[in-house]
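Given next are the chains, with one letter for each unit.
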Amino acid sequence: MKNLITKSFSAIAFLGINLVIFGQTIDTKSKTILDDITKNYKSKKNSYFKFLYTSGKASQTGIFYSDNKRYKLKIMGTEQIFDGNKVYSISEEDKEVTIAKPNDNQVAFSPLSYLDSYKKDYNVTYSGKKTISGIPVDIIKMTPVKSNGLKSVTLYVNTPQKKLIKLEQVSTSNDLAVITISNYKENQTLSPSTFTFDKSKYQNYLITEL
């Protein structure tokens, strides 16, 4: 489960014209929805949400903060901070901190990374509507243009509110991971230390910088 998190949601056919960019296909309805969500997220000073992460029979609750350039993720006794320059992975159980420059896998958890990366990394198809917990959602299916360990990513979008409420990842080995998002909060007054790593708090930890 930790690896999936750090690696870094009746069908109605869409009849619009597809965009084709370097062999990539993105239907125009999906593009409009994703662009609107991305614009909404990025218009906020910061965003917060809780999420339920499910893989196989195991489920864990986590929290996520982001100010679009930085993020903090907490789940399963592990905290990950991206301060805009480096990723700090903190394991309370192992008393270890790993510091590294970010790569695509490490920042893939953020919903914004999918909302941005669809433009070059995925074929995107509008797959209809359904109702989740009484909320009508649009379904967008993404398949990678190049091999990245995933078979597909499905986004479930509350389009009127321009928010992602569920994400499903299917790996090439057919493992399913589901992230269900709740309790959105936006434009909060956050501590200046929210997205910073304070080494003095981890004097008893093994700190490794890669």
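Small disclaimer: the values here were computed from a predicted structure and weren't measured. Throughout, residues of each chain are indexed from 1 in the direction in which the sequence is written. Per-residue local features are limited, in this predicted model, to residues with pLDDT of at least 70; the limit for side-chain atom pairs, both in listing and counting, is 80 or more; totals at the level of whole chains, interfaces and linings are taken over all residues. The side-chain figures draw on all heavy atoms in the structure; neither hydrogens nor water molecules are used.

Quick word on the overall build of the protein
For clarity, the cut-off: Counting from the N terminus, the helices are the DSSP runs of H or I reaching at least four residues and the strands are the DSSP runs of E reaching at least two. Relative accessibility decides the category of a residue: with a 1.4 Å probe and only protein chains considered, values under 20% of the type maximum give buried, values over 50% give exposed, and everything between is partly exposed. Accessible surface area values rest on a Shrake-Rupley calculation with a 1.4 Å probe, where residue burial reflects the displayed protein chains alone.
Counting secondary structure elements, the protein contains three helices and 14 strands. When burial is assessed residue by residue, the protein has 43% of its 210 residues classed as buried. If you sum the accessible surface of the protein, you get close to 11500 Å²; carbon and sulfur atoms cover 50% of it.

Quick notes on the confidence of the model for the protein
Test applied: Per-residue confidence from the predictor is given as pLDDT, running between 0 and 100. Contacts: residue pairs with any heavy atoms within 4.5 Å of one another.
Summing up the model confidence of the protein, the mean pLDDT is 81 and the portion of residues at 70 or higher is 81%. Every residue in residues 1–22 is under pLDDT 50, and counting partners more than four places away or in other chains gives 64 contacts.

Description of helix 2 (residues 28–42)
In plain terms, the rule: To estimate the expected span of a helix, count its residues, drop one, and scale the result by 1.5 Å. Here the arc refers to the directions that run from the helix axis out to each C-beta atom. Counting of polar contacts relies on pairs of N or O atoms within 3.5 Å, with two restrictions inside protein: one atom must be capable of donating a hydrogen and the other of accepting it, and residues adjacent in sequence are counted only when both atoms are side-chain atoms.
With 15 residues, helix 2 should reach 21 Å at 1.5 Å per residue; the first-to-last C-alpha distance of 21 Å fits that figure. Listing the buried residues of helix 2 in full gives Ser30, Ile33, Leu34, Ile37, Thr38, Asn40 and Tyr41. For helix 2, the arc enclosing every buried residue in end-on projection is 160°, short of the 170-degree limit, so these residues lie on one face. N-capping of helix 2 is provided by aspartate 27, with a side-chain oxygen placed 3.3 Å from the backbone N of lysine 29.

Here we look at the side chain of asparagine 158
Structurally, asparagine 158 is set in strand 11 (residues 150–158). A relative accessible area of 8% places asparagine 158 in the buried class. When residues no more than four places from it in sequence are discounted, the contact partners of asparagine 158 are Ile135, Pro136, Val137, Lys163 and Ile165.

A closer look at the pairing of strand 11
Our working definition: Whether two strands pair comes down to DSSP finding at least two bridges between them.
Extensive coverage of strand 11 is indicated by the burial of eight of its nine residues. As defined by bridge partners, strand 10 (residues 135–144) adjoins strand 11 across five bridges and the pair is classed as antiparallel. Paired with aspartate 138 across the bridge in strand 11 is valine 157. The antiparallel pairing of strand 10 with strand 11 creates a hairpin that spans five residues between the two strands, and glycine 149 there sits at a positive phi of about 90°. Direction of pairing for strand 11 relative to strand 12 (residues 163–171): antiparallel, over a ladder of eight bridges.

Some thoughts on the pattern of salt bridges
Which entries qualify depends on this criterion: We define a salt bridge as a side-chain nitrogen of Lys or Arg found within 4 Å of a carboxyl oxygen belonging to Asp or Glu.
Overall, the coordinates contain eight salt bridges when judged by the stated rule. The partner of arginine 70 in a salt bridge is aspartate 67, with the nearest N and O atoms 2.8 Å apart. Judged by relative accessible area, which is 29%, arginine 70 ranks as partly exposed. In this structure aspartate 67 comes out as buried when scored by relative accessible area, which is 17%. Note that lysine 72 and glutamate 79 form a salt bridge whose closest N and O atoms lie 3.6 Å from each other. Glutamate 79 shares its class with lysine 72; the two are buried. Within this structure, Lys44, Lys163 and Glu186 form a network of salt bridges that share partners.

What to know about the packing of aromatic side chains
The cut-off we apply is this: Ring geometry is summarised as follows: Phe, Tyr and Trp rings, the Trp one being its six-membered ring, pair when their centres sit within 6.5 Å, and such pairs are stacked at plane angles under 30 degrees, edge-to-face over 60 and tilted between the two. Sitting over a ring, as applied to charges here, requires NZ of Lys or CZ of Arg to be within 6 Å of the ring centre and within 35 degrees of the ring normal.
One pass over the structure, following the stated rule, counts 10 aromatic pairs. Measuring from centroid to centroid gives 5.2 Å for phenylalanine 197 and tyrosine 202, while their planes differ by 10°, and the two rings are stacked. Residue phenylalanine 197 shares its accessibility class with tyrosine 202, and that shared class is buried. Aromatic rings pair up to connect Tyr41, Phe49, Phe51, Phe64, Tyr71, Phe82 and Tyr184 into one cluster. A cation sits over an aromatic face here: lysine 166 above tyrosine 156, 5.4 Å from the ring centre.

Section: the nonpolar core
What counts here: Here, nonpolar core means buried Ala, Val, Leu, Ile, Met, Phe, Trp, Tyr and Cys residues that are tied together by side-chain atoms lying within 4.5 Å of each other.
Membership of the largest hydrophobic core comes to 29 residues, with the highest contact counts inside it found for Phe51, Ile140, Leu155 and Leu164. Listed in part, the eight residues of the second largest apolar core include Ile81, Val97, Phe197 and Tyr202.

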